Amino acid sequence: MTDSADSPSFRLAYVPGVTPAKWARIWQERLPDVPLTLLQVTPAEASDVLRDGSADAAFVRLPVDRTVFSAIPLYTETTVVVVPKDHVITAAEEITLDDLADEVVLHPLDDVIGWEQPPGEPAFERPVTTADAVELVAANIGVLVVPQSLARLHHRRDLTYRTVVDAPQSAVALSWPEEATTDHVEDFIGIVRGRTVNSTRGRERQAPAGEREGERRKQPGGAQRKSAGGAGKASGDGGRRCWRRPGSREP
């Protein structure tokens, strides 16, 4: 693990559909002296910016190359179909892939579903991007199956979406190069996992051996005494009852 001082800032990439604002806000609160730089990338670019060091970590869509990258899966998205508001599909709250059998299903080149075989009828050609595909849906050329976050990202007033209950799903993860697990990466992992500032699972300062030995000598028998079940004991004090932690000494 490299030292945090080696990196004066933390560079975080993220793919479309991921909203890093909450985690970025917590970072700024906890590490105000370490600037956080956000970099939006396409799903295809995510691995490249991690490999070449342009980003320290990234929110990506799985899968990733586990021989190179570490990854913490965060959540799996609902898959939806984007259609015009007056489309017959809107009569139902949820549909299945069989309901798309007679539809032209657009399959953009930046698709993140990872179909073995997309449902429905193929379009004459594949749109370059999801944004291009959304424009074709608005023109009644076909329908588009995407993670729900992308449907929201490309929202239009004339379009809506419905859940496809049996479609493949896209999972989002935090990823970083395994050989570049810096202190700042560990800090961000703690934030994403919801650890508090003082969490014992977070990155901790290691006290010198002499200091740790001195602390042990202050405790009777060189170790803390614990009550049954790890609960605190009640002790008398002039008719008053007070609680003290296991291993603490009377004043």
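Details of the structure are given in the entry above.
Just so it is clear, the model here is predicted, and its values are computed rather than measured.

Caption draft 1: Seen up close, the overall build of the chain. Along the backbone of the chain there are 6 helices and 13 strands. Every one of the 251 residues in the chain was classed for burial, and the buried ones make up 39%. Taking the contacts inside the chain whose residues are at least 6 apart along the sequence as the reference set, 68% of them involve residues at least 24 apart. Carbon together with sulfur atoms contributes 48% to the accessible area of the chain, which is approximately 15,200 Å² in total.

Caption draft 2: The sheet that holds strand β5 (residues 79-84), seen in detail. As summarised here, the arrangement of the 6 strands in space is β6-β10-β5-β9-β7-β8, forming an open sheet in which the pairing is mixed. Because the sheet does not close on itself, it has two edges, and the strands there are β6 (94-95) and β8 (121-122). Across 5 bridges, β5 lies against strand β10 (residues 159-164) in antiparallel orientation. In the sheet register, V82 faces β10, and the bridge partner there is Y161.

Caption draft 3: Looking closely at the packing of aromatic side chains. Taken as a whole, this structure holds 5 aromatic pairs when the rule is applied. Through a chain of ring-to-ring contacts, three or more aromatic side chains come together here, namely F10, W23, W27, F59 and F188.

Caption draft 4: Local environment of the pairing of strand β2 (residues 36-40). Where strand β1 (residues 10-14) and β2 come together, 5 bridges link them in parallel fashion. If you follow A13 over to β2, its bridge partner there is L39. Between β1 and its parallel partner β2, the chain crosses via helix α1 (residues 21-30), and the hand of that crossover is right-handed.

Caption draft 5: Focus on the pattern of salt bridges. What the rule picks out here adds up to 5 salt bridges. One salt bridge in this structure joins R61 and E77, with 2.9 Å as the shortest N-O distance. With R61 in strand β3 (residues 57-61) and E77 in the loop between β4 (69-76) and β5, this pair connects stretches of sequence that are 16 residues apart. Of the two residues, R61 and E77, neither departs from the other in class, the shared state being buried.

Here is what the cut-offs are and how they apply
Residues numbered from 1 in each chain as written. Predicted model: local features only at pLDDT ≥ 70, side-chain atom pairs only at ≥ 80, totals over all residues. Heavy atoms only, no water. Helix = DSSP H or I, 4+ residues; strand = E, 2+ residues; numbered from the N terminus. Buried < 20%, exposed > 50% of the residue type's maximum accessible area, 1.4 Å probe, protein only. Contact = heavy atoms within 4.5 Å. Areas by Shrake-Rupley, 256 points an atom, 1.4 Å probe, with all protein chains shown as cover. Pairing = 2+ DSSP bridges. Phe/Tyr/Trp six-rings, centres within 6.5 Å; stacked < 30°, edge-to-face > 60°. Right-handed = clockwise from strand over helix to strand, strands pointing away. Salt bridge = Lys/Arg side-chain N within 4 Å of Asp/Glu carboxyl O.

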